[in-house]
Amino acid sequence: MGKLQVIEKKFEFGFRVFYNLFRLFPLIYSNTWLTLVLTAVTIAASVGNEIVNYKTGVIPGKFYVALIEKDEPKFWHIFWIASLCYVGLCLLMALMNFFSWCLYIQQRKNLVQCLHKLYYKNNFYYQLNGVDDHGIDNPDQRITQDADKLTKLLGTSIIPTVLLSPFIISYYGVRVWETAGGWGFGMIVAYFLIGVIINRILIGPITPWAARVEKAEGDFRYKHVSVRVNAEESAFYKSAEFEHVFSDLSFDVLFKRLLNFMCWRFPSQFFQSFFDYYGGCMSYILQLFPLFVFHMYDNLTPAELSGQISNNAFYFIYLINCFTRLTDLAMNIAELGGYIMRVSEFVDTGKLHQSGIKNEAFRRNSELPEKASGDDNLIETEHLSFGPPTNSNIRIIENLTFHLPRNKTLLITGDSGIGKTSLMRVIADMWPHQGILKKHFKKTDAYFLPQKPYFPVGRLSLKQQLVFPAEENEEKSGNDEEIVRILHELKLGHLLPIVGNIHDSVDFEWQETLSPGEQQRLCFARMILAEPTVAFLDESTCNVDEGMENAMYEMLRKHSITYISVGHRKSLRSHHDFELRIPSSSSFLFHEIHNQKF
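- Per an unreviewed UniProt entry, the protein is named ABC transporter domain-containing protein, and its organism is Caenorhabditis elegans.

Digging into the overall build of the protein
Working step 1: Across its full length, the protein holds 18 helices and nine strands.
Working step 2: Residues counted as buried form 48% of the 598 residues belonging to the protein.
Working step 3: Put simply, of all contacts in the protein between residues at least 6 apart along the chain, 77% involve residues at least 24 apart.
Working step 4: Accessible surface for the protein amounts to roughly 30800 Å². Of this, 61% is attributable to carbon and sulfur atoms.

A few points about the sheet that holds strand β6 (residues 534-538)
Working step 1: Sheet architecture is open: six strands sit in the order β5-β6-β7-β3-β8-β9, paired in mixed fashion. The sheet is open, and its two edges are formed by β5 (446-449) and β9 (587-592), each paired on a single side. Neighbour-to-neighbour, the strand axes of this sheet turn through a mean angle of 15°, independent of strand direction.
Working step 2: Examined bridge by bridge, β6 and strand β7 (residues 562-566) share five bridges and lie parallel to one another. Paired with Ala535 across the strands is Tyr563, a residue of β7.
Working step 3: Running at roughly 180° to β5, helix α17 (residues 516-530) makes contact with β5 and β6 of the sheet.
Working step 4: Helix α18 (residues 546-558) rests against β6 and β7 of the sheet, and its axis sits at about 150° to β7.

Some thoughts on the sheet that holds strand β2 (residues 397-405)
Working step 1: If you trace the three strands from one edge of the open sheet to the other, you get β2-β1-β4, paired in antiparallel fashion. Only two strands of the sheet have a single neighbouring strand rather than two, namely β2 and β4 (434-439). The mean inter-strand angle of the sheet, taken between neighbouring strand axes irrespective of direction, is 10°.
Working step 2: The sheet contacts of helix α12 (residues 420-427) involve β1 (377-386), β2 and β4, and relative to β1 the element is tilted by about 115°.

As for unusual backbone geometry
In most cases, non-glycine residues show a negative phi, while peptide bonds are predominantly trans.
Working step 1: Geometrically, the link from Phe468 to Pro469 is a cis peptide bond, its omega value of 10° lying close to zero.
Working step 2: Structurally, Pro469 can be placed in the loop between α13 (462-467) and α14 (480-489).
Working step 3: The phi dihedral of Glu539 falls on the positive side, at around 50°, and the residue is not glycine.
Working step 4: Within the element layout of this structure, Glu539 appears in the loop between β6 and α18.

A closer look at the environment of Gly184
Working step 1: Its place among the elements puts Gly184 in helix α6 (residues 139-203).
Working step 2: Residue Gly184 is classed as buried on the basis of its relative accessible area of 0%.
Working step 3: Sequence separation between Gly184 and Phe289 is 105 residues, and the spatial gap between their C-alpha atoms is 7.0 Å.
Working step 4: Those residues within four positions of Gly184 in sequence are excluded, and the remaining contacts are Val176, Leu286 and Phe289.

Quick notes on the confidence of the model for the protein
Working step 1: For the protein, mean pLDDT is 81; residues scoring 70 or higher make up 90% of the total.
Working step 2: In the predicted structure, residues 1-6 sits below a pLDDT of 50 and forms 19 contacts with residues beyond four places in sequence or in another chain.
Working step 3: Within the model, pLDDT remains below 50 along residues 356-374, and this stretch shows 33 contacts once partners closer than five positions in the same chain are excluded.

Here's the deal with the environment of Thr421
Working step 1: Relative to the assigned elements, Thr421 resides in helix α12.
Working step 2: Residues contacting Thr421, with those up to four places away along its chain left out, are Gln451 and Asp538.
Working step 3: Polar contacts involving the side chain of Thr421 include one to the side chain of Gln451, which spans 3.4 Å.

A word on the pattern of salt bridges
Working step 1: Counting across every chain of the model gives 13 salt bridges.
Working step 2: Among the salt bridges present, the one from Arg221 reaches Asp140, with a minimum N-O distance of 3.1 Å. One end of the pair, Arg221, is in helix α7 (residues 206-229); the other, Asp140, is in helix α6, and 81 residues separate them in sequence.
Working step 3: With a shortest N-O distance of 3.6 Å, Lys558 and Glu489 are connected by a salt bridge. Taken as a pair, Lys558 in helix α18 and Glu489 in helix α14 lie far apart in primary sequence, 69 residues in all.

About the criteria used
Residues numbered from 1 in each chain as written. Predicted model: local features only at pLDDT ≥ 70, side-chain atom pairs only at ≥ 80, totals over all residues. Heavy atoms only, no water. Helix = DSSP H or I, 4+ residues; strand = E, 2+ residues; numbered from the N terminus. Buried < 20%, exposed > 50% of the residue type's maximum accessible area, 1.4 Å probe, protein only. Contact = heavy atoms within 4.5 Å. Areas by Shrake-Rupley, 256 points an atom, 1.4 Å probe, with all protein chains shown as cover. Pairing = 2+ DSSP bridges. Axes fitted to C-alpha atoms, helices over the stretch in contact; angles between N-to-C directions. pLDDT = per-residue confidence, 0-100. Polar contact = N/O pair within 3.5 Å; in protein donor to acceptor, adjacent residues only side chain to side chain. Salt bridge = Lys/Arg side-chain N within 4 Å of Asp/Glu carboxyl O.

As structure tokens, then:
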């Protein structure tokens, strides 16, 4: 049963981008005090940088005066002051960059931890990856790459600039007003407003294309991940040429989107560069007002005039630079918009699924009542019907009725694709159902062994793989002697010299190293160590020989574990008391195997 995939969504740049960013701030600042302190320190370093930058900006004018007046002592005095100022400026710039990066990594940590909380709560990750993605393509990319780029742009570029710009513009605006008058200040503001209007027009298409590029990046990466994970199977099929062709096709989609993205960026980049560099020319145009319009410097000596012109040029250029920094942010904000929309869409969908589905599917901690007094059944179904969660009109199984006595074992058989694993999903509360399903055991007493073995990545120790999903350092994480004994019983003792110490991390990934039979046996050992009351096995011995299969079921009986199996082998019948045969979606045969009673 594959998951339902929704057509790719389209994003647009507009008010909703800023609205979604505002809604993400509680996640980005979830560790409130530490993140606020880092923000404040970053701003403080930026303020110090601006103050020292102002001091260094007026130094060239003082040099002009000293040189024109041929005053050597004054020159050396200014030189030493300038040297100290530039050392301080470089230090403050380094601190500003350091603290802004600290802010970025803290914001990323906050956001990723909140996204993880949503992703793993109530099995939302299973819903996205296994049932219905709701248009959330590549959720792993949204948590990793999109969250990274969002917080990096926010912490290192946008927050320091946006918070400081009003104060810097106000200060230098007053200085420009004092030297060039209202006309000069007005020309700079008009220059800025024209830039804002043009940028708003040009950045509109960048946001949707940024989101499309990110989706194509995720799809391209996923293609190569699938090739890496399934390299051996692919090699057996001799499919290198096929994988080559389709990897190229996947990259072609990415290439075309990148090309479109860069084409839409080109006009904005051209205007951004023009606005930046033409500001230098504007600073000299503004010198006309105090010199020729207001005649403010008619009484100054040539040395004083050169110093004043140098200082004016610094004020004018710096004010223009403050405005251009804001317009330069337009490109970053346009890209940021794509990341904001993708992450906020993930968050919104996650919050919608926090309550689970009506029959308590996806709720790990929900518990059913203890068995009632006098109840001799382990599982009871009455007219049980179910289908995929993505389509309530489809029925895989209809009107299934059976009662499995307590302490009895059950074998579920039927053709491939008939619904045996789907029945397991319903029993595990992963799929919704209609009709009556009574399970007279605690949810914590049940253990589900899925059809495909799973080993979490991270080069984890052998013991960590065996006690999964518990953590190795937990008190109830299994006895080392018992682990070694079980491994030898399952003919996995050869793993011990390979790993050296069962507590040590390994230099390989288990899923990529073990054979299918070894994987099944190691997962089986994990289940034995968990000591469940009831075990559900979905074709959990299909990759081992009958001799090992007999030993595995003997271990279940030895540990007093009641089990329900899904399988096709005829040899499995000898290990079970009852059989539920499913010939079709609406016909069932439930009988006792040994006595053939219905």
